[in-house]
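Spelled out from the first residue to the last, the chains are:
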Amino acid sequence: MSKSSTNRLTTSANTTQLTEKEFQLLSNLVTRKAPCNLLIFGLEPQYLSLSSINAGGTTIFLEDDPYKLSTIKIKTKSNTTRIYKVEHLPPPAKEAYTLLKHGRKSPSCAASSGQLQKSKCRLAMKNLPQEVYDLKWDVVVVDGPSGNAPEAPGRMAAIYSAAVIARNGNETDVVVHDVDRMIEKWFSWEFLCDENLVSSKGKLWNFRIRGQMNSTRFCPSEPVMLV
């Protein structure tokens, strides 16, 4: 087996699957909102049924792993479900703390700084499919990229960008998986906010964000102190 194949298999093997109770929380959320606009960072076999639950709505998957893209297929004839390959550019997960400080101090990263595509914030994802920026999303799931090693693409930008996307809607549920990991926890606290946490199960947090485009801050309370 080639080294590249081994790396892809290792990445997939390290992916943390949702428990039955975690997935039930997520599927119940989509069921309540369907038909809706559902955006998912990450492509896992568990999530394929969400596009069926969201029949009549729009479901978009964003994935950077070529192995997953070649092996995981959506079994639906609906033209409202799409899978896009995205590139998660450096910096890697090991630079999360530096990026968190940048997100706090840089005016370009402020909650009211403008559209993601035009943002100068290092956390802004500016190379996503156009419809990601155009649509108002009802549910955004962050379970990618892998973020399972210091050199791997972390979820810093995905969580920040999900927060910006959510603020463009009227009311958006943002669901983050693997919150037992430091990056997911830090960035969820910073940009999605404790006061917006409406439910949780295991390693899954569900934040409900209401559009607040005039506010310069993501969270009304003071940011979490880091040690």
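Residues numbered from 1 in each chain as written. Predicted model: local features only at pLDDT ≥ 70, side-chain atom pairs only at ≥ 80, totals over all residues. Heavy atoms only, no water.

Explain the nonpolar core to me, please; I cannot follow it from the model alone.
One recurring pattern in soluble globular proteins: nonpolar side chains tend to sit buried together. Membership of the largest hydrophobic core comes to 45 residues, with the highest contact counts inside it found for Leu 39, Tyr 160, Phe 187 and Phe 218. With 9 residues, helix H7 (residues 156-167) is the single largest residue contributor to this core. When residues no more than four places from it in sequence are discounted, the contact partners of Phe 218 are Cys 109, Ala 110, Ala 111, Tyr 160, Ala 163, Val 164, Arg 167, Glu 190, Phe 191 and Cys 193. Ranked by size, the runner-up nonpolar core spans 19 residues in total, among them Leu 50, Phe 61, Leu 69 and Leu 204. (Core = buried A, V, L, I, M, F, W, Y, C linked by side-chain atoms within 4.5 Å. Buried < 20%, exposed > 50% of the residue type's maximum accessible area, 1.4 Å probe, protein only. Helix = DSSP H or I, 4+ residues; strand = E, 2+ residues; numbered from the N terminus. Contact = heavy atoms within 4.5 Å.)

Would you mind going over the sheet that holds strand E7 (residues 204-210) with me for this structure?
Pairing between the strands of a sheet comes from backbone hydrogen bonds, and it takes one of two forms, parallel or antiparallel. One open sheet holds the 7 strands; their spatial order is E3-E2-E1-E4-E5-E7-E6, and the pairing between them is mixed. In this open sheet, the two edge strands, each paired with only one partner strand, are strand E3 (81-85) and strand E6 (197-201). Averaged over all adjacent pairs, the angle separating strand axes in this sheet is 15°, with direction ignored. Taken together, the 5 bridges between strand E1 (residues 37-41) and strand E2 (residues 58-63) define a ladder with parallel strand orientation. For Ile 40, the partnering residue across the bridge sits in E2 and is Phe 61. In the packing of H7 onto the sheet, contacts are made with E1, strand E4 (139-142), strand E5 (171-177) and E7, and the angle to E4 comes to roughly 175°. (Pairing = 2+ DSSP bridges. Axes fitted to C-alpha atoms, helices over the stretch in contact; angles between N-to-C directions.)

What is the right way to read the environment of Leu 128 from this model?
Inspection of the secondary structure assignment puts Leu 128 in the loop between helix H5 (96-105) and helix H6 (130-134). When its relative accessible area of 8% is taken as the criterion, Leu 128 is described as buried. Along the sequence, Leu 128 and Gln 117 sit 11 residues apart, while their C-alpha atoms lie 8.6 Å from each other. Leaving out residues up to four positions away in the same chain, Leu 128 has contacts with Leu 62, Val 86 and Tyr 133.

Where do I start with the pattern of salt bridges in this structure?
Side-chain pairs of opposite charge can arise where the charged atoms are in close proximity. Per the counting criterion, the structure on display carries 15 salt bridges. The partner of Glu 131 in a salt bridge is Arg 82, with the nearest N and O atoms 2.8 Å apart. Of this pair, Glu 131 sits in helix H6 while Arg 82 sits in strand E3, and the two are 49 residues apart along the sequence. Note that Arg 155 is salt-bridged to Asp 178, the shortest N-O span being 3.0 Å. With Arg 155 in the loop between E4 and H7 and Asp 178 in the loop between E5 and helix H8 (182-191), this residue pair connects regions lying 23 residues apart in the sequence. (Salt bridge = Lys/Arg side-chain N within 4 Å of Asp/Glu carboxyl O.)

Help me out: how do you make sense of the state of the cysteines in this one?
Each disulfide is one covalent bond, formed between the sulfur atoms of two cysteines. Scanning the entire structure with this criterion turns up 2 disulfides. The disulfide bridge from Cys 109 ends at Cys 121, spanning 2.0 Å between sulfur atoms. As the torsion about the S-S bond is roughly 95°, the Cys 109-Cys 121 disulfide counts as right-handed. Here Cys 109 is found in the loop between H5 and H6, whereas its partner Cys 121 is found in the loop between H5 and H6, with 12 residues between them in sequence. Assessed through its relative accessible area of 2%, Cys 121 is described here as buried. The disulfide bridge from Cys 193 ends at Cys 219, spanning 1.9 Å between sulfur atoms. On the sign convention where negative means left-handed, the S-S torsion of about -90° between Cys 193 and Cys 219 marks this disulfide as left-handed. Residue Cys 193 is located in the loop between H8 and E6, and its partner Cys 219 is located in the segment after E7; the two are separated by 26 residues in the primary sequence. We classify Cys 193 as buried; its relative accessible area is 0%. (Disulfide = S-S within 2.5 Å.)

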